[in-house]
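Examining the three-dimensional arrangement
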There are 2 protein chains.
Amino acid sequence: MASLEEQKKAVEFNRESLESTLKRRFFYAPAFELYGGVSGLFDYGPAGCAFQANVVDQWRKHFILEEDMLEVDCTMLTPYEVLKTSGHVDKFSDWMSKDPKTGEIFRADHLVEEVLESRLKGDKQARGLGSEIDGVEEDADKKKRKKKVKQITAVKLDDELVKEYETVLAKIDGYSGEELGELIEKYQIKNPGNGNDLEPPRAFNLMFETAIGPSGQYKGYLRPETAQGQFLNFNKLLDFNNNKIPFASASIGKSFRNEISPRAGLLRVREFLMAEIEHFVDPEDKSHSKFDEVKDIKLKFLPKNVQEAGSTKLQELSVGDAVSSGMVDNQTLGYFIARIYLFLMKIGVDPNRLRFRQHMSNEMAHYACDCWDAELQTSYGWIECVGCADRSAYDLTVHSKKTGEKLVVRQKLDTPKEVVQWELSLTKKLFGPKFRKDAPLVEKYLTNLSQEELESKAKEMGDNGKIVFQIDGMQGDIELDEKFIKIENVKRIHHVREFTPSVIEPSFGIGRIIYAVFEHSFWARPEDSARTVMSFKPTVAPSKVLLVPLSNNKEFEPIIAKISKTLKKEQIPFKVDDSGVSIGKRYARNDELGTPFGITIDFDSVKDDSVTLRERDSTKQVRGSIEQILRAIKEITYEGSTWEKSTSELPEFVSQSE
Amino acid sequence: MASLEEQKKAVEFNRESLESTLKRRFFYAPAFELYGGVSGLFDYGPAGCAFQANVVDQWRKHFILEEDMLEVDCTMLTPYEVLKTSGHVDKFSDWMSKDPKTGEIFRADHLVEEVLESRLKGDKQARGLGSEIDGVEEDADKKKRKKKVKQITAVKLDDELVKEYETVLAKIDGYSGEELGELIEKYQIKNPGNGNDLEPPRAFNLMFETAIGPSGQYKGYLRPETAQGQFLNFNKLLDFNNNKIPFASASIGKSFRNEISPRAGLLRVREFLMAEIEHFVDPEDKSHSKFDEVKDIKLKFLPKNVQEAGSTKLQELSVGDAVSSGMVDNQTLGYFIARIYLFLMKIGVDPNRLRFRQHMSNEMAHYACDCWDAELQTSYGWIECVGCADRSAYDLTVHSKKTGEKLVVRQKLDTPKEVVQWELSLTKKLFGPKFRKDAPLVEKYLTNLSQEELESKAKEMGDNGKIVFQIDGMQGDIELDEKFIKIENVKRIHHVREFTPSVIEPSFGIGRIIYAVFEHSFWARPEDSARTVMSFKPTVAPSKVLLVPLSNNKEFEPIIAKISKTLKKEQIPFKVDDSGVSIGKRYARNDELGTPFGITIDFDSVKDDSVTLRERDSTKQVRGSIEQILRAIKEITYEGSTWEKSTSELPEFVSQSE
C-alpha cells in the first residue's frame, strides 16, 4: 500500500474541487451574496472563523507571549493628517485607466501586462511555438487576469518588438503613471473588450475615505496598515517598557485597501486581517540576543542579485550564514525571518512551498534598508504572505518632524562623549512683535531643524547676513537676521545618547496565509477523488474531535453527555454528529472540515466505556477507555505528541465503516 | 485589622485617581494624541489590550464553546442597500442643531435636557432649596454634559412650568426631531455659550459613509452592528447546522458610530468592539433545553412597570420565577439573561452593581417583543453594557422580502396538516411580451406576496376584475387581469412546516464592560491612598505573575531564566522586573497593573530553589519550592482554586518590603 504521503499526492490538485469544499463546508463565502455580493469582500463561516481564531491564537503565543511583545489595539479610523505625514495620502495608490464610453475602469499596470503577454503568446503561436514552452512560473493573479483578454490572435511580431515587450514586462511593477500612459499610447493598448480608447492613467488612492464627526469637514481614512498606530504610541510604549530598548509592539486587526479590481479570492481583498510587529532597535546595534537559537535553521532564499540576473533559483542556507555573508542585512532581521518560518511550520505550511524572496532595489520603499517576503506557493503562483522589512527610522522621524514631539530613546553613556554640534539661540522677545500668533510656529520650525539643516542655515547666515525660509500654513518668505537668531558650532560633553530607533517590521497577511494553508492541506483520497480531506494540524483545526454514535439510538445519549462534559471541561473544541446518515458519510463530511479525530460510540461503549478513536488522514482506528482516548487526543493536540506515540499501547480496531 | 473587603472600601472612589492610573500604566489613551487627538477614538495599550483579549477569550469559551455556537467573521464594509433594508439608513440617527453663526453643533435632545435641568436647578436655588435634595440617581453622561451649561442662575419658575419641564425630561428619549424643534422654540433654548439662535434639528445619520471601488459610485457604510452579517448568512448557517433549529451564530468585531459629540471616555466612542449572538428559535416554542440549569439563579431586575410608575426599586427574584410570572417573556430570553450574569461574574463585575433593566414600551424597537439591558453601575451612573432583545422575525423578513430569497426553516411534520391557503398562478408566457426586461421583476414581486396580501389582491380581482400595484424601480401603475394571474383559495395537505425563526440577540459592548470592570476593581490602600490597586480576577488580569529578583545581581539570572522557561511552557503570561528600584516600588507599580501574583527571588532561592509568592490584594506572602509555587499559581488562575486552598500547606513569609 502506498504511504500516506504518496496517497496525498495521488490525485492531482484541483482548485475547483478545493473551492467547492470550502464553499460547501462554509469556510468562507462572498459577503452580501444575498444582495449579489461585493467583490473583494468575504465572510468567514464557522469553520473558517475557528481556523482563523486558532491561527491568530498561535501567532499571539509564538510572537507576543514568547517574545514578550507589547500588544496594542489602535483604531482603524485615522485622520487625514497622520496618513498625509506617513506618505499614504500621496503614494498609496494604483494607476487606473478609464474607458470614457462605457465607464469601465482598468488597473493600468495590469492591463499593459495582460495585453503585452497575450500579444507575445500570439507571436509564439504564429511562429509555431506552443505556449507550453514557456517554463517560467507565473505570478499570482496572472492566470485569472488573462481571462479578460479572451482572444489570442496569432500575429507574428518583429524580433525587436518581442524584446521590447519582454523588457517592459520585466519592469512592470516599477512604472510611474506617466510612463504607463506612454506605453498605452506607444503600443496602442485599448479596452480589450471593445477596442475603445482609454483615458490616460490617473492615480487612484487605495484608502477608503470617510468623514469623522457631524460637520463633514474632518477627513479621515480607514487605515491601510496597523503600523501607524504603533508608531504614534512609541513614547508611551517606551515608557511602559521602563525606557529599555530593543522592544517590540504588535497589533492584530483589520486593515483596508480599496482595490481597483479585486480578484483571486482571499488573496486580494478590500478588508483583511493583519498581524504586525514593530521591533524598535538601536540603529548602531542590530544584533539579537536570541540569534544563536535560530542560526542553524536552513531556509530557501531568493536573494535580489539572483533575481536581477533573471533567475528564480533558490539558495538553501542557514540563517546564520545568510547574515554573516551579508545577504540578510542584520541579525534581528535574520532572527525574525527564522521565527516567521517556525510560525508557518506550526500552522501547517508546506516547507517545500515556502521561500524567502528579497526585494530588489527598485521595488523597495526608499527608506527601507532591506526587505524579505515570505512567499507561499499556491495554484495562483508564489504569493507574498509575510513581509519582513527594516523600515529604518523613517516613520518615527516624519511624525516627529510634523508634530514637533520627540520620538527618541535616551541612553546614559558609560563614558561621557565630546561632541561638536550646531546649536541655535533665539531672541524670543523679538518673535512675538514680528510674528504675532504665528510666533510659536516659527520657533517650533527652527528648534526642529536637524544638524544638517542647521549647518546649511549657518552658512546662509554667514554669506547673506540673514536666512530665508517658508513654513507650512504661513504665507510668503520669512526672513531673519542675527538679531533674531544665532547658529553656532559648539563643543559639548554628552552624558546621554539620544537617537531615533530603527524599526524591523514583520507584517502578516492572515487571510493570504490561511488560503495558502488551505491549498497545502487539501487532497483527495485516491480510491474516490470526491472524498476530499483537509489535513489541518490539530492545533489549528477548527474543531478537534467529532463524536459519532453508531446510530441515533437513545442508549448512546448518556455516554455522549459524559464525553461532552469532559471535553468542555478540558476546553477541547468538538462537535457531535448524531444525524441519521451513515458513519462513513459523517466521517467524510468531517474530513472536509479537517477535524483530526473521531470518536465512535457503539454498543460495546455502553457496556464497558470503551470507544474507538479514528485518525483523519490514515483513517486508522484504535480502541481504548474514554480516559485513554481523551488523553491521547489532548497529548497530540496540545502537547506536541504524535499519533504513533500516544496510541502505541492501544489495540488497533478494524471497522467496515470507511 | 480591617477585613480585606473593608480595606478596599476605606478610601472613597475617585475617578481622577482611576484615570490617572489607567493613563500612567497605559491601559488606554486617546488615539492620535501626538496629533492632538480625535474625540471618541481610543487606543488600547499593552495592559488594556491584554485585558481585552482575556475578556474576549472568556466570552468565546463561555458562549461559543460552551453553547456550541457558530462563530462568523463578516466584513465591516457594508453596501448601502443592506443597511437601507435593515432600516439603518433611515432610522439610525440622532437630531442635531447648529448654531449658524459659529458652526457649533449640538445634539438636540442632550441640549434640551441640559438647559431644562439647569433651569430647574436655578428654580430650586431661587426657592432656597439646595440642589442636594435631588436624590434621584443621575444617568450616564449627564455630569459631564452639565459642564457646558456653566451658569445656573437662580430664577424662580411658575409651578406650572416646573411641572411641564419635569414631564419633558421624563420623556426626553422619545421625541422626534420636529418635537425637539418645537421644544427649542417654545422654551427659547439657545446656544448656552453665546445665546445665539439655533437652526431647527436635522437628522444626522450615525453611520460612517464611504465609497467602495474606483468609480466612487458604490456607496457603503461601516457597519453599526455585527448582526446584519449574521442574518445575511442565515441559510448557510442553517445548512452548516444540518438544518436543525434552535442554533446560534456569534460574532466578535468592531462596529462604528459617528457620535455627534463623544464623551465619557470608553463609554461613548466612535469605534468599538462588540460581541453579538443571534440565537435563532422557533417562534412557537421559545423554551430552552438547559433552562433548568439556571432557573434558580437570583438576579436584580428593574421591570418596565416599576419604571413606568416612576420608581427604580430593584426586584430580586430567580430567573425561573421571572419567566413563569411572565415578567421575562420566554425561557430562551431568561436563559441568556442568566448566562450573561454568569459571564459578567467570571470577568469581575461587582454583583451589587449589576441590574437587568427592561425596556419600556416607548423605548423598544417596534419589532422587538421584549428587551432587557444588563446595566453596570459606574461613577457615570448606570450604563447599558449588554442588550438582550427578542428581535422577533423582523430582520430575516425584511432581507427576504427585499432580495426575494427565502430565509426560512423547513421542518417535516410528524402528522401532515390540512391547510387552507391562497395560491396564485401566473400565465408566464404573457409576461415577456408585456413587461420585456422587467418581467422577472414583476413575477418576483407577485410570488413574494404574503398570505394577507394575496387575500386582499384576490378581493381586488373579484371586485374590479383586475389588480393594480407599483414596483420599486418601475414607473407608473401596473395592471393585471385574470388572463395574467389567478388567485385562489385552496386546501392543501402540508407535510412540511415552513417558518421564519425568531431571533434572541444578546449584544455585548466590550469596551463599556471593560471600563465598568476597571471601576469595580479599583481601590486605594488605606495606609497610602496614592498606592492604588486593580483587583482583577486572575483569569482576566493582563499578566498573571511578576518575577522580582531582590536586586539586579547577576546571581539571580539563572533562576529567573529557569522560572521564565517553565512559565512560557505553561503559557502563563508573566513579566520580569529587574529594574533598579526597590521591591516595594516594583510591587506598587505592578498592583496598578492588576498582576495577581509576585514571585520574589532572593539569595536563599539561589541556594535551595525556594521562592516567595505574594498575593496582590492582601500582600500576604508564602514560601515554597519553585514547583509548589507555580502549581499554586496555575490552580488559582486556571483551575478555579483559591489562594487559601492552594497555599494552605506553604509557610507564611514575613517581609519588610511593602
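It should be emphasised that the depicted structure is a prediction, and the values quoted were computed from it without experimental measurement.

**Some points on the sheet that holds strand 7 (residues 202-205) of chain A**
Hydrogen bonds between backbone atoms are what pair the strands of a sheet, whose relative direction is either parallel or antiparallel. All names here are of chain A. On the basis of which strands lie adjacent, the open sheet formed by 3 strands has the order 6-5-7 and antiparallel pairing. Edge positions in the sheet fall to strand 6 (105-107) and strand 7, since each of these pairs with one other strand and no more. For this sheet, the mean angle separating the axes of adjacent strands, direction not counted, is 45 degrees. Pairing analysis gives 3 bridges linking strand 5 (residues 93-98) to strand 6, with the strands arranged antiparallel. Counterpart to methionine 96 in the pairing with strand 6 is arginine 107. In the packing of helix 6 (residues 108-126) onto the sheet, contacts are made with strand 5 and strand 6, and the angle to strand 6 comes to roughly 80 degrees.

**Some words on a nonpolar patch on the surface**
Together, Leu550(A), Phe603(A) and Val606(A) line one region of the surface with nonpolar side chains, adding up to about 220 Å² of accessible area. For Leu550(A), the position within the fold is in the loop between strand 24 (545-549) and helix 21 (557-569).

**A word on the UniProt feature "domain: Aminoacyl-transfer RNA synthetases class-II family profile" (unreviewed entry) in chain A**
Those places that UniProt annotates as "domain: Aminoacyl-transfer RNA synthetases class-II family profile" (unreviewed entry) correspond, in this numbering, to residues 221-526 of chain A. Within the segment residues 221-526 of chain A, helix and strand shares are 32% and 36% respectively, and the terminal C-alpha atoms sit 50 Å apart.

**Quick look at the pairing of strand 11 (residues 271-281) of chain B**
Residues and elements named next belong to chain B. The element strand 11 is extensively covered by neighbouring structure, given that 10 of its 11 residues are classed as buried. Bridge count for strand 10 (residues 247-256) against strand 11 is 10 bridges, and the pairing is antiparallel. The residue of strand 11 that forms the bridge with alanine 250 is isoleucine 277. Relative to strand 21 (residues 502-509), strand 11 runs antiparallel, the two sharing 6 bridges. Following the sheet pairing, methionine 274 is matched in strand 21 by glycine 509.

**Some points on the relation of the copies chain A and chain B**
Between the two copies, chain A and chain B, the superposition gives an RMSD of 0.2 Å; the rotation angle is 180 degrees and the shift along the axis is 0.0 Å. Such a turn and shift between the copies fits a two-fold axis. If distances are taken from each C-alpha of chain A to the rotation axis, the shortest is found for Thr210(A), at 2.7 Å.

**Overview of unusual backbone geometry**
Residues and elements named next belong to chain A. Omega for the peptide link from isoleucine 245 to proline 246 comes to 5 degrees, which places this bond in the cis form. Examined against the element boundaries, proline 246 turns out to sit in the loop between helix 11 (234-240) and strand 10 (247-256). Positive phi is not limited to glycine here, since alanine 264 has a value of about 60 degrees. Non-glycine residue aspartate 609 carries a positive phi angle of around 65 degrees.

**Overview of the interface of chain A and chain B**
Taken together, the contact between chain A and chain B spans 83 residues of the former and 83 residues of the latter. Counting across the chain A and chain B interface gives 8 salt bridges. A salt bridge links Asp73(B) to Lys254(A); the shortest N-O distance between them is 3.2 Å. Our enumeration of links across chain A and chain B arrives at 34 residue pairs in polar contact (both at pLDDT 80 or more). Grouping the amino acids of the side of chain A that touches chain B by side-chain chemistry returns 40 nonpolar, 16 polar and 27 charged.

**Some details on the confidence of the model for chain A**
On average, residues of chain A score 91 in pLDDT, and 96% of them are at 70 or above. We note a pTM of 0.89 for the whole complex and an ipTM of 0.89 for its interfaces.

**Some remarks on the nonpolar core**
Residues Leu344(A), Phe508(A), Leu344(B) and Phe508(B) are the most contacted members of the largest nonpolar core, which totals 216 residues. Setting aside chain neighbours within four positions, we find Phe508(B) in contact with Trp59(B), Phe63(B), Leu273(B), Met274(B), Ala275(B), Ile277(B), Ile340(B), Phe343(B), Cys385(B), Val386(B) and Ile513(B).

**Observations regarding the sheet that holds strand 8 (residues 209-212) of chain A**
Residue and element names in this part refer to chain A. Read across the sheet, 3 strands follow the order 4-9-8 without closing on themselves; strand pairing throughout is antiparallel. Of all the strands in the sheet, the pair left with one neighbour each is strand 4 (77-79) and strand 8. Adjacent strand axes in the sheet meet at a mean angle of 45 degrees when their direction is disregarded. As judged from the 4 bridges shared by strand 8 and strand 9 (residues 218-222), these two strands associate in the antiparallel manner. Across the sheet, residue alanine 211 finds its bridge partner in strand 9, namely lysine 219.

**Concerning the environment of Gly465(B)**
Residue and element names in this part refer to chain B. When you line up the elements, glycine 465 lands in the loop between helix 19 (451-464) and strand 18 (466-469). Sequence-wise, glycine 465 and isoleucine 260 are 205 residues apart; in three dimensions their C-alpha atoms are separated by 54 Å. Ignoring sequence-local partners within four residues, the contact set of glycine 465 consists of Glu460, Asp481 and Glu482.

**What to know about the environment of Arg391(B)**
Residue and element names in this part refer to chain B. Its place among the elements puts arginine 391 in strand 16 (residues 381-392). We classify arginine 391 as buried; its relative accessible area is 5%. For the pair arginine 391 and aspartate 370, spaced 21 residues apart in sequence, the C-alpha to C-alpha distance is 7.9 Å. Beyond its immediate sequence surroundings of up to four residues, arginine 391 is in contact with Glu225, Ala227, Gln228, Phe231, Glu278, Tyr367, Ala368, Val503 and Glu505.

**A closer look at helix 3 (residues 46-65) of chain A**
Note: α-helices contain 3.6 residues per turn, so residues at a spacing of three or four share the same orientation. With 20 residues, helix 3 of chain A should cover 28 Å at 1.5 Å per step; its first-to-last C-alpha distance of 26 Å lies within 8% of that length. Burial analysis of helix 3 of chain A places 15 of its 20 residues in the buried class, the great majority of the element.

**Let's talk about the packing of aromatic side chains**
Across all of its chains, the model carries 59 aromatic pairs over all chains by this definition. A ring pair is formed by Tyr445(B) and Phe469(B), whose centres lie 4.9 Å apart and whose planes are at 10 degrees; its orientation type is stacked. Placement of Tyr445(B) in helix 18 (residues 439-447) and of Phe469(B) in strand 18 is noted, with a sequence separation of 24 residues between them. Judged by its relative accessible area of 27%, Tyr445(B) falls in the partly exposed class. Phe469(B) sits in the buried class, given a relative accessible area of 2%. Positioned above the aromatic ring of Phe499(A) is the side chain of Arg497(A), whose terminal nitrogen or guanidinium carbon lies 3.9 Å from the ring centre.

**Observations concerning the packing of helix 3 of chain A against helix 15 (residues 331-346) of chain A**
Residues and elements named next belong to chain A. Contact pair helix 3 / helix 15: the axes reach a minimum separation of 10 Å and the direction vectors enclose 145 degrees. Every pair of crossing elements has a handedness; the one defined by helix 3 and helix 15 is right-handed. Counted together, Val55, Gln58, Trp59, His62 and Phe63 of helix 3 and Arg339, Ile340, Leu342, Phe343 and Lys346 of helix 15 form the full contact between these two elements. Broken down by class, the residue content of the contact of helix 3 with helix 15 amounts to 6 nonpolar, 2 polar and 2 charged.

**Considerations on the pairing of strand 15 (residues 370-378) of chain A**
All names here are of chain A. For strand 15, the buried fraction is high: 8 of the 9 residues fall into the buried class. Sheet analysis places strand 14 (residues 354-358) next to strand 15, joined by 5 bridges and oriented antiparallel. Residue arginine 357 lies in a different strand from strand 15, and its bridge partner there is aspartate 373. Pairing of strand 15 with strand 16 (residues 381-392) involves 9 bridges; the strand directions are antiparallel. Each bridged residue has a counterpart across the sheet, and for aspartate 373 the counterpart in strand 16 is glycine 387. Hairpin connection from strand 15 to strand 16: 2 residues lie between these consecutive antiparallel strands.

**A few points about the side chain of Ser521(A)**
Residue and element names in this part refer to chain A. The residue serine 521 is located in helix 20 (residues 510-521) in this model. Only 2.6 Å separates the side chain of serine 521 from the backbone oxygen of valine 517, close enough to count as a polar contact. Look past the residues within four positions of serine 521 in its chain and what remains in contact with it is Gly348, Val533, Met534, Ser535 and Phe536.

**A closer look at the packing of helix 3 of chain A against helix 20 of chain A**
All names here are of chain A. Their axes nearest at 11 Å, the elements helix 3 and helix 20 cross at an angle of 110 degrees. Taken together, the axes of helix 3 and helix 20 lie roughly perpendicular to each other. For the element pair helix 3 and helix 20, the recorded crossing hand is right-handed. Contacts between helix 3 and helix 20 involve Phe51, Gln52 and Val55 on the former and, on the latter, Ile510, Ile514, Val517 and Phe518.

**As for helix 15 (residues 331-346) of chain B**
All names here are of chain B. In a regular helix each residue adds 1.5 Å, so 16 residues correspond to 22 Å; helix 15 covers 22 Å between its end C-alpha atoms and thus fits that length. Of all 16 residues that make up helix 15, 13 are buried, and the element is covered over most of its length. Two residues or fewer past helix 15, glycine 348 is found with a positive phi of approximately 105 degrees.

Rules used in this analysis
- Residues numbered from 1 in each chain as written.
- Chains lettered and ligands numbered in written order.
- Predicted model: local features only at pLDDT ≥ 70, side-chain atom pairs only at ≥ 80, totals over all residues.
- Heavy atoms only, no water.
- Pairing = 2+ DSSP bridges.
- Helix = DSSP H or I, 4+ residues; strand = E, 2+ residues; numbered from the N terminus.
- Axes fitted to C-alpha atoms, helices over the stretch in contact; angles between N-to-C directions.
- Contact = heavy atoms within 4.5 Å.
- Patch = residues over 30% accessible without salt bridge, like charges linked within 9 Å, V, L, I, M, F, W, Y side chains within 5 Å.
- Areas by Shrake-Rupley, 256 points an atom, 1.4 Å probe, with all protein chains shown as cover.
- Salt bridge = Lys/Arg side-chain N within 4 Å of Asp/Glu carboxyl O.
- UniProt positions renumbered as here; feature names shortened; annotations may be inferred.
- Buried < 20%, exposed > 50% of the residue type's maximum accessible area, 1.4 Å probe, protein only.
- Least-squares fit on C-alpha atoms with pLDDT ≥ 70 in both.
- Polar contact = N/O pair within 3.5 Å; in protein donor to acceptor, adjacent residues only side chain to side chain.
- Nonpolar A, V, L, I, M, F, W, Y, C, P; charged D, E, K, R; others polar.
- pLDDT = per-residue confidence, 0-100.
- Core = buried A, V, L, I, M, F, W, Y, C linked by side-chain atoms within 4.5 Å.
- Expected span 1.5 Å × (residues − 1).
- Phe/Tyr/Trp six-rings, centres within 6.5 Å; stacked < 30°, edge-to-face > 60°.
- Lys NZ or Arg CZ within 6 Å of the ring centre and 35° of its normal.
- Left-handed = near helix turned anticlockwise from the far one by under 90°.
- Parallel < 35°, antiparallel > 145°, perpendicular 65-115°, else oblique.

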